[in-house]
Structure formats: C-alpha cells, structure tokens
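One letter stands for each residue in the lines below.
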Amino acid sequence: MDRDDLLSLYRQMLLIRRFEEKSAEMYALAKIGGFLHLYIGEEAIAVGAIAAIRANDYVITAYRDHGHCLAKGSEPGRVMAELFGKATGLCKGKGGSMHLVDARRNFMGGYAIVGGHLPLATGLAFAVKYQKRDQVVLCFFGEGAVPTGQAHEAFNLAALWKLPVIFICENNRYGMGTPVQRAVALYSNVAETARAYGIEAETVDGMDVLAVRTLMKTVVTKVRSAPHPSFVEALTYRFMGHSMADPSHGHYRSKEEVEEERTRDPLLLLRQTIMNRGLGSEPDFKRLEREVGEIVAAAVKFADESPFPAPTALEEDVYAE
Amino acid sequence: MLISYREALNQAMREEMRRDDRVFLIGEEVGYYQGAFKVSKGFVEEFGTQRVLDTPITEAGFTGLAIGAAMAGLHPIVELMTFNFGILALDQIVNNAAKIRYMSGGQLSVPLVIRGPGSAAHQLGAQHSQSLEAWFCHVPGLKVIAPATPHDAKGLLKSAVRDSNPVIFIEAQLLYSTKGDVAEGEYTIPIGQAEVKRRGDDVTIVAYSKMLLLALEAAEDLAREGIQAEVVDPRTLKPLDVQAIVSSVQKTGRLVIVEEGWRFAGLGAQIAEVVYAQAFDYLDAPIVRVTGVDVPMPYTRPLEDAAIPDRERVRAAVRQVVKGS
C-alpha cells in the first residue's frame, strides 16, 4: 500500500463526508426536501468494499445511499442535483435521496422498503450467471433488514442457486431507534444468520477502510472465480440521527455513547494510519480538504443553478417504449 | 387450429423462448411438474433447467429475483401458481417492478411477465378464489392483460414477453381446458387493443377473461328475446382501449359491465367512469354493473354460485338497461 493509494481512499471518504455535511446544510435551507439519511460514520464500508471491485460490477443498496453512489464514481454535481430535485439530477429529480441510480456505472439503486432490494440483488447475480459473465454483485443493507422475510428468501435462493452476490450487512447497531439486541435474534453475531443457509460469512471492523478492503478483495476473488454468495458483516456506527428528522442521539442512545463512537471515526483512523506510516502529513490533508471542498461547492452550485424538471416530465418515464 | 387455452400459452412461451435466449421461465413447479396447471409441459426437456427454474415456495424472493434479472437485461416470465400467492410478492411488484423505471428517471427498465390464474374455480375457498386485477390496474407502471380465448392468450402473451415493461398476465383456472381457434403460424396481438366479440345494436356488454364467455352465452339467450347485444372484450385492462368501448356505447346507447371481482372499487367502476365522462350524451340508461358479491368466497357450492355473476344475472342486467325493468 503506497501513499497515493491510501490518500485516494481517504479522499473518497472525505468527499462523502463533506458532501453529506453540505447536504445537511442544504436540507436546513430547504433546498433538499423529504427524507435525508446520512451515511456519516459509515463511509469506510462503501469505500473499502467498492475499492475491491471492478467498474462493471453491480452495486445495490438501501435508502442510505449517497456514500455508495459517490464511491461507485457518480458525479457529485448530478447526485446533489438529484437531492435538489433538479432536471440535471441522476434520475431527473424523480428518485431523490433514497432512490439514486446511475445505470451507466452499474449502480442499480437505493431502495426504501427495508429488505426489498435483497431479492433484486439475487436477480442481478442470476443474470450474471445466466449470461456466463464474471461480474459480482455487492448488496448493502443495514442490520435492520436482517429479520425481514425477503432477506431470508434472498439468502436461501442465492445459496441454493450459487449466485455471485456478496451481502454486506452494515451493522450500525440501530434500526432507526431500535437497538439490534431488541431486533435480531442472533444480535451478537449477525453473520451467523447467513451461515444458517450455508453462506460463508465474515465479520469486519467497518470503521477500518483497509480491513474492509482487504477482506472484500479476498471475498470478491473467491466469488468471481466460482459463483456463490457470501456475507460480510461490517460493524459500524451512525454518527448522525436516523434521518434529518432525528437528532444525533435522541432518546434511544446517549450523547456519551455517540461521542465515544466518534473517537473511532473512519476518517480519523485512516489519517492516523497514514501519518504513523509516514505516508502523509498535515499539508496533504489540507490539500485534500481544499480539493474536496471545491468539488462539493461546485456540486451545490451546479444543483442550485440547474432547472427543475418541466411540467411535461411528470408523465414521462412511467413506461418504456 | 383448434387448441386449448393451456396449449396456446404453452405455444406462446415456447416460441418466445426459442426466439430469444434472454427469456426464461421461473416459478413453483414449472419444471419437472410441468406447471401446476400443466402450462409448461415439455419445457424442461426442450430448454433445460437453466431456463426453466423450479423455485422454492418463496414468491417475494423469486419475483424479486426476476425483477433484478430484468434490470440486468433478461426477460423473465414468472409463473405464479395462482395470483392469490402473488399477494406475497406485492411489495416486489408494486414497489420495485412498477416504479424502477420512473424512480431512475428512465435509466432502468423491467421487461418482465408475471402470469398465472386469477379468479375462482370451483369450491377452492376464500384464499384461492380471488379476482385481484383491479389491484394491479391501480398501479402506474404496470400493464395488465386478461385474455379470454386461446387466440388472444397466445397473441397477447407473446406481446407481453416482448414488451419492455412489467406485464401482469391474468389467466383463469376454468379457462385452461377451453378450446378455440388459433391462427396458424407466428402472430402477436397488440397490448391495449379491445376486440368486439359479437356485433349488436341494442346494448353493449363489456366483459373480460372468464366473464367474456358468460357474456357471449347470455347474448345468445338475449338474441332469442330479440335483444342484440354487442360484446366488447377489452383483453388488456391497462392500458384500457377506451375508444373501443366508447365507440360501441355511442352506437348502442346502453352499457352493462360484467366482472367477477368484488363490486366496491372494482374495475367496472373505472370503466363506467370513463364512459360517463366521454359518452354521457349517448347513454339512454344508467350503466349497470354485474359483479362478484363483496364477501370472501364461501366454500359451499350454492353460496359460491351466488357470489359470482351468472348467465341469468347478466340477462337480467341487460333487460334492465334495455327495457328499464
């Protein structure tokens, strides 16, 4: 691992962090409406996992999807424009924060019915295998999706038919305000749920982007060489509320707990690693801050200056020709 | 060529699977069992288990899988053993299949057919005797087809497989063994096109699926009473061929709508609304609907019969709009 490699990972996480902090500001200014679920604190998972795949591999996720979309390479301006509901957004303003799609990059979308996109992921993997291609599918979801019936149906079919899908459970310990201990029977080892279906499962520190990437590279190589499902549980923590409607701690968790977890901020951890290895120093991070800041500012400017969709767009895209 | 409705569906799928490698069949018992109603007879032998996939009992799972496969460029045909079990897949159909194109701003599409029998057979009880077409028709992004004859079933299923959208294709258990003439050779029937199944000047009867056969029988009875009914089969329920229905009503001035589904918020209410809006001035009498009764389907035969439209109820409805009694 060289300097450029580590700084690039840092830069990707920093972009997601600053992009989302700016989205929160824009939400407060009512430039963004509806629900806005921030990924702040969980960036190492999307960045680490997506760093382990090829550009034409599929990614699909739930509604907390900004990070995955940016990590897959989508243009920040078009993502921000989508949040603003503008015609230049990835989905022409019809999807919004929870339903980002960038088909050109095989980012197959964010889905907002918990558990509902896991069967879709098995279908993408089915198509890959049916057409004898060698792509893999990364399917991200929170631990809150693990008890859903659709997740179990997806695990069973993926295992039964040996489909090349990697289920990545982002265990941030709370499904909205309900702690995992009160929601998932195998809460102390969520990965065990997948093993019950004969799916190989690993648990990784989701705050450590290098650990995530290292594990994912191994898993991806195995899945690509002989199609089969795999399961990765990434232990993480959401620093912000469930959505913008929710304060960062609320009644369901203490301020102290949030502060304690923030000491394991994935950006902080990677920064320390880079410094400890002598691969980067303060000026490097300042430069990255400046570059990312410019990208985010340009994204906001692009979104702000873009037009809303014309009224004629309302009834377009319901059906394909 | 006189063949059964079942054989017509079999031919349609077989021809489409031969034409296009992207088409595959997935569902419970579609392979070695040859379909719960033997619609996929001979498919495993011809296409193999890669393209004819027996699934576990997991409707949300395999419907969602098919949707995902369609997003990645395949053209799945999902067989639901019955549409009652499709309720388990409603999240996938309504929240994913129907919306993915729109939510993605037209980037993705879901070319997919979901087919199987709807409506009642004989004494299968409340959970196996439902006509749910109105549910699907309500959802933007879906197309809904409910053919009544072997000829229509074949031509429309082929069109459904070639369509770039999710298509709900509703058959009926009591239609599978019915026979009819099917054109020789390759043909398709456009989605969204009604057909006048019987010409008449006195009254229009709109009926689809199993109820079309009932309407045609009733029309023959009524002809002996001197009433000439025009019977219009929409064939596709969404998009509905409004023009065909309105044109017929403009000619006859009277309309009876027959549907097996529950009355309240049923499809006939929507058809009536369209006709009132577009042909009110042509109507000589209020529209009459013949529908299923708003109860869960009872098991016992006399009550089941009473819950479903029959020939006499159709005749009575027609007499009412024609003679006002």
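Residues numbered from 1 in each chain as written. Chains lettered and ligands numbered in written order. Predicted model: local features only at pLDDT ≥ 70, side-chain atom pairs only at ≥ 80, totals over all residues. Heavy atoms only, no water.

K.L.:
Looking at this structure, how should I read the overall build of chain B?
P.N.:
When you go through chain B residue by residue, the secondary structure sums to 13 helices and 14 strands. For chain B, whose C-alpha radius of gyration is 19 Å, the value lies close to the compact-globule estimate of 20 Å for 325 residues. For chain B, the spread of C-alpha atoms along the three principal axes comes to 60 × 45 × 40 Å. For chain B, the residues scored as buried account for 63% of the 325 residues in total. Residue pairs at least 24 apart in sequence account for 81% of intrachain contacts in chain B once pairs closer than 6 positions are excluded. Carbon and sulfur atoms make up 53% of the accessible area of chain B, which totals about 11,800 Å². A distance of 2 Å separates the average location of the 33 positive side-chain charges in chain B from that of its 40 negative side-chain charges. (Helix = DSSP H or I, 4+ residues; strand = E, 2+ residues; numbered from the N terminus. Rg over C-alpha atoms; globule rule 2.2 N^0.38 Å. Buried < 20%, exposed > 50% of the residue type's maximum accessible area, 1.4 Å probe, protein only. Contact = heavy atoms within 4.5 Å. Areas by Shrake-Rupley, 256 points an atom, 1.4 Å probe, with all protein chains shown as cover. Lys, Arg positive; Asp, Glu negative; His and termini not counted. Charge placed at Lys NZ, Arg CZ, Asp CG, Glu CD.)

K.L.:
Could you clarify how one ought to interpret the environment of A:Gly85 in this entry?
P.N.:
Residue and element names in this part refer to chain A. Within the secondary structure, Gly-85 is located in the loop between α4 (76-83) and β2 (107-110). With 54 residues separating them along the chain, Gly-85 and Lys-31 place their C-alpha atoms 8.7 Å apart. Other than its neighbours up to four places away in sequence, Gly-85 contacts Gly-93, Phe-308 and Pro-309.

K.L.:
What exactly am I supposed to notice about unusual backbone geometry here?
P.N.:
Where the residue is not glycine, phi is negative for most of them; where a peptide bond is considered, it is trans in most cases. With omega at 0 degrees, the peptide bond leading from B:Lys238 into B:Pro239 counts as cis. One non-glycine residue with positive phi stands out, namely A:Lys92, at about 60 degrees. Relative to the elements of secondary structure, A:Lys92 occurs in the loop between α4 and β2. Within the chain, A:Met176 stands out as a residue other than glycine whose phi angle is a positive 55 degrees.

K.L.:
Please clarify how helix α10 (residues 266-276) of chain A should be interpreted in this entry.
P.N.:
Residues lying three or four places apart along an α-helix face the same way, a consequence of the helix completing one turn every 3.6 residues. Residues and elements named next belong to chain A. Within α10, the full set of buried residues consists of Pro-266, Leu-267, Leu-269, Leu-270 and Ile-274. Relative to the axis of α10, the buried residues are bounded by an arc of 165 degrees and lie together on one face. Along its buried surface, α10 packs onto α1 (3-28), α2 (43-50), α8 (209-225) and α11 (282-305). Two or three places before Leu-267, at the start of α10, stands the capping residue Asp-265, its side-chain oxygen 2.8 Å from that residue's backbone nitrogen. (Arc of directions from axis to C-beta. Polar contact = N/O pair within 3.5 Å; in protein donor to acceptor, adjacent residues only side chain to side chain.)

K.L.:
Just checking my understanding: could you explain the domain arrangement of chain B for this structure?
P.N.:
Often, the extent of an interface is quoted as the loss of accessible area on bringing the components together. Residues and elements named next belong to chain B. In terms of domains, chain B is made up of domain 1 (2-181) and domain 2 (195-323). The gap between the C-alpha centroids of domain 1 and domain 2 is 26 Å. For the pair domain 1 and domain 2, the summed buried surface comes to about 2,300 Å²; carbon and sulfur atoms form 57% of the total. Inspection of the domain 1/domain 2 interface yields 2 salt bridges. Our enumeration of links across domain 1 and domain 2 arrives at 15 residue pairs in polar contact (both at pLDDT 80 or more). Secondary-structure elements contributing two or more residues to the side of domain 1 that touches domain 2 are α7 (133-137), β6 (143-145) and α8 (150-162). (Domains from an automatic or database assignment. Buried area = accessible area lost by both parts, 1.4 Å probe. Salt bridge = Lys/Arg side-chain N within 4 Å of Asp/Glu carboxyl O.)

K.L.:
Sorry, what's going on with the packing of aromatic side chains here?
P.N.:
All names here are of chain A. By the definition in use, this model includes 19 aromatic pairs over all chains. When the centroid spacing of 6.4 Å and the interplanar angle of 70 degrees are considered together, the rings of Phe-141 and Phe-167 count as edge-to-face. Taken together, the residues Phe-141 in strand β3 (residues 137-142) and Phe-167 in strand β4 (residues 165-171) connect sequence positions 26 residues apart. On the basis of relative accessibility, which here comes to 0%, the residue Phe-167 falls in the buried class. Through a chain of ring-to-ring contacts, the aromatic side chains of Phe-141, Phe-155, Phe-167, Tyr-197 and Phe-231 assemble into a single cluster. Here the guanidinium or amino end of Lys-86 rests over the ring plane of Phe-308, the centre of that ring lying 4.9 Å away. Geometry around Tyr-174 places Arg-253 over its ring, the cationic atom sitting 5.6 Å from the centre. (Phe/Tyr/Trp six-rings, centres within 6.5 Å; stacked < 30°, edge-to-face > 60°. Lys NZ or Arg CZ within 6 Å of the ring centre and 35° of its normal.)

K.L.:
What is the right way to look at the sheet that holds strand β5 (residues 112-118) of chain B in this model?
P.N.:
Strand pairing in a sheet relies on backbone hydrogen bonds. The paired strands run either parallel or antiparallel. Residue and element names in this part refer to chain B. Pairing is mixed across the open sheet formed by 7 strands, whose spatial order is β3-β2-β4-β5-β7-β6-β12. Both edges of this open sheet fall to β3 (52-54) and β12 (236-238), since each of them pairs with a single strand only. Shown here is a sheet whose adjacent strand axes are inclined to one another by a mean of 20 degrees, direction ignored. Across 7 bridges, β5 lies against strand β7 (residues 166-172) in parallel orientation. Looking at the pairing, Gly-118 lines up with Ala-172 of β7. (Pairing = 2+ DSSP bridges. Axes fitted to C-alpha atoms, helices over the stretch in contact; angles between N-to-C directions.)

K.L.:
Explanation requested: the interface of chain B and chain A in the structure shown.
P.N.:
Of the residues lining the interface, 46 residues belong to chain B; the matching set on chain A comes to 39 residues. When chain B packs against chain A, close to 3,200 Å² is buried across both sides, 64% of that on carbon and sulfur atoms. Among the residues of chain B in contact with chain A, B:Leu65, B:Tyr102 and B:Met103 are the three that bury the most area, contributing 21% of the side total. In this structure, the connection of chain B to chain A is made through 0 salt bridges. Taken together, the connections running from chain B to chain A amount to 22 residue pairs in polar contact (both at pLDDT 80 or more). Going through the elements one at a time, β2 (23-27), β3, α3 (59-71), α5 (90-97) and α6 (100-103) of chain B are the ones with two or more residues in the side of chain B that touches chain A. Within the side of chain B that touches chain A, the residues separate by chemical class into 20 nonpolar, 17 polar and 9 charged. (Nonpolar A, V, L, I, M, F, W, Y, C, P; charged D, E, K, R; others polar.)

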